[in-house]
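Listed below, chain by chain, are the residues.
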Amino acid sequence: MSDLPSALPADVSADSLAVPSRACPVQFLGQPAIELLAADGSQATVLLQGAQVVSWKTSGGHERLYLSDRAAYAPGQAVRGGIPVIFPQFGQRGPLPRHGFARTSLWELALVESGPDDAMAVMRLSDDAASLGIWPHRFCAELTVRVGGNRLDVELAVTNTGDTALSFSAALHTYHRVADVAQVELSGLQRLRYADCLRKTEQVDAASALQIEGEIDRIYFNATRPLKLVVADSVTDIHSEGFVDAVVWNPGPAQCAGLVDMPADGYRRMVCVEAAVIGTPVRLAPADEWVGRQSLVANT
Ligand code: TA6
């Protein structure tokens, strides 16, 4: 226990007493998780189930991710909110359960590390009898989460550990927490081609920033420019590498009412902006590796 004085001496700033970065195992709503705390006070919490980030708070304690207060926490159950890891199939674009099995699998903690300014955890998922039964490929997936300096970096690395080629689609299904979805302006997608999953059409986006008016479910292709999510006075810059597409989703009131793990008005306080690779699935020859990254920077 430190012997710090109860009141700081006049010449000592709180910053100089910053708690060193750390990563520690915790229980999050009964689930095994890792809490990452950076020296500046920013923090993230990652469940072992699905290697799912469920909380990212900036140094002022502002929660940046939406997590449904009706989310289910049970083995094999997808958790509504945070950053679900979508792999090896996006949506129902194949024979697997929707959004694949990574988000409902138990990952193992491979590494935790804390530096002077940030804290990091690496989680790992490999093929097993259950996955081979529905997806006949050997693989090793690693998810790296790093928090510090008001940014959250999430990286998915997939290696083909088998002796035949494999293909997959993937996404970091990020639920951004917003004050009011009606105030969202998302720029960086202008003039891109997108698939409208509601109307089953392909279109080209408008030349202005995207605003959310009701249910939206779009896959933007070749979305390689940085995105900027502005909601009232909150700004989040979104950078992706490797994930060449982007998904924007909000269920709107009608769909939200049908989601048992979302409050009826939950759609008003979230928007999913997802780093994705869908249009052209990733193909890996034996021993090949693919890496995708999404960086979120909270600018206010
Ligand atoms: O990312 C958009 C989407 O594919 C939507 O079509 C909607 O299904 C959403 O994912 C949520 O999917 P989930 O399986 O988590 O309910």
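The preceding data block contains the structure.
**Examining the pattern of salt bridges**
Then comes step 1: For the coordinates displayed, the defined rule picks out 14 salt bridges.
Then comes step 2: The partner of Arg 146 in a salt bridge is Asp 118, and the shortest N-O contact between them spans 3.1 Å. One end of the pair, Arg 146, is in strand β8 (residues 139-148); the other, Asp 118, is in the loop between β6 (108-114) and β7 (119-126), with 28 residues separating them in the sequence.
Then comes step 3: Judged by relative accessible area, Arg 146 falls into the partly exposed class, the value being 31%.
Then comes step 4: As a salt-bridge pair, Asp 196 and Arg 199 come within 2.8 Å of each other at their nearest N and O atoms.
Then comes step 5: Residue Asp 196 is classed as buried on the basis of its relative accessible area of 2%.
Then comes step 6: The exposure class of Arg 199 is exposed, given its relative accessible area of 55%.

**Topic: the site of the ligand**
Then comes step 1: Around the ligand, the neighbouring residues are Arg 80, Phe 90, Arg 98, His 99, Arg 103, His 173, Asp 217, Val 247, Trp 249 and Glu 274.
Then comes step 2: Here an oxygen atom of the ligand and a side-chain polar atom of Arg 103 are 2.8 Å apart.
Then comes step 3: In isolation the ligand offers 390 Å² of accessible surface; the protein chains occlude 85% of this area.
Then comes step 4: A class-by-class count of the residues in the shell around the ligand yields 3 nonpolar, 2 polar and 5 charged.

**Quick word on the sheet that holds strand β20 (residues 289-298)**
Then comes step 1: Across the sheet, which stays open at both edges, the 8 strands sit in the order β6-β7-β8-β9-β20-β17-β16-β12 with antiparallel pairing between neighbours. Edge positions in the open sheet fall to β6 and β12 (184-187), since each of these has one partner strand only. Strand-to-strand twist of the sheet, defined as the mean angle between neighbouring strand axes without regard to direction, takes the value 15°.
Then comes step 2: Summarising the sheet, strand β17 (residues 234-241) and β20 pair through 6 bridges and their orientation is antiparallel. Its bridge partner being in β20, Thr 236 is matched across the sheet by Ala 298.

**Some words on the sheet that holds strand β1 (residues 22-28)**
Then comes step 1: If you walk across this open sheet you meet the 4 strands as β1-β2-β3-β4, and the pairing is antiparallel. Looking at the sheet topology across the chains shown, the edges are occupied by β1 and β4 (53-57). With direction set aside, neighbouring strand axes in the sheet form an average angle of 20°.
Then comes step 2: Here β1 pairs with strand β2 (residues 31-37) via 7 bridges, running antiparallel. Directly across from Arg 22, in β2, lies its bridge partner Leu 37.

Rules used throughout
- Residues numbered from 1 in each chain as written.
- Predicted model: local features only at pLDDT ≥ 70, side-chain atom pairs only at ≥ 80, totals over all residues.
- Heavy atoms only, no water.
- Salt bridge = Lys/Arg side-chain N within 4 Å of Asp/Glu carboxyl O.
- Helix = DSSP H or I, 4+ residues; strand = E, 2+ residues; numbered from the N terminus.
- Buried < 20%, exposed > 50% of the residue type's maximum accessible area, 1.4 Å probe, protein only.
- Near = heavy atom within 4 Å.
- Polar contact = N/O pair within 3.5 Å; in protein donor to acceptor, adjacent residues only side chain to side chain.
- Areas by Shrake-Rupley, 256 points an atom, 1.4 Å probe, with all protein chains shown as cover.
- Nonpolar A, V, L, I, M, F, W, Y, C, P; charged D, E, K, R; others polar.
- Pairing = 2+ DSSP bridges.
- Axes fitted to C-alpha atoms, helices over the stretch in contact; angles between N-to-C directions.

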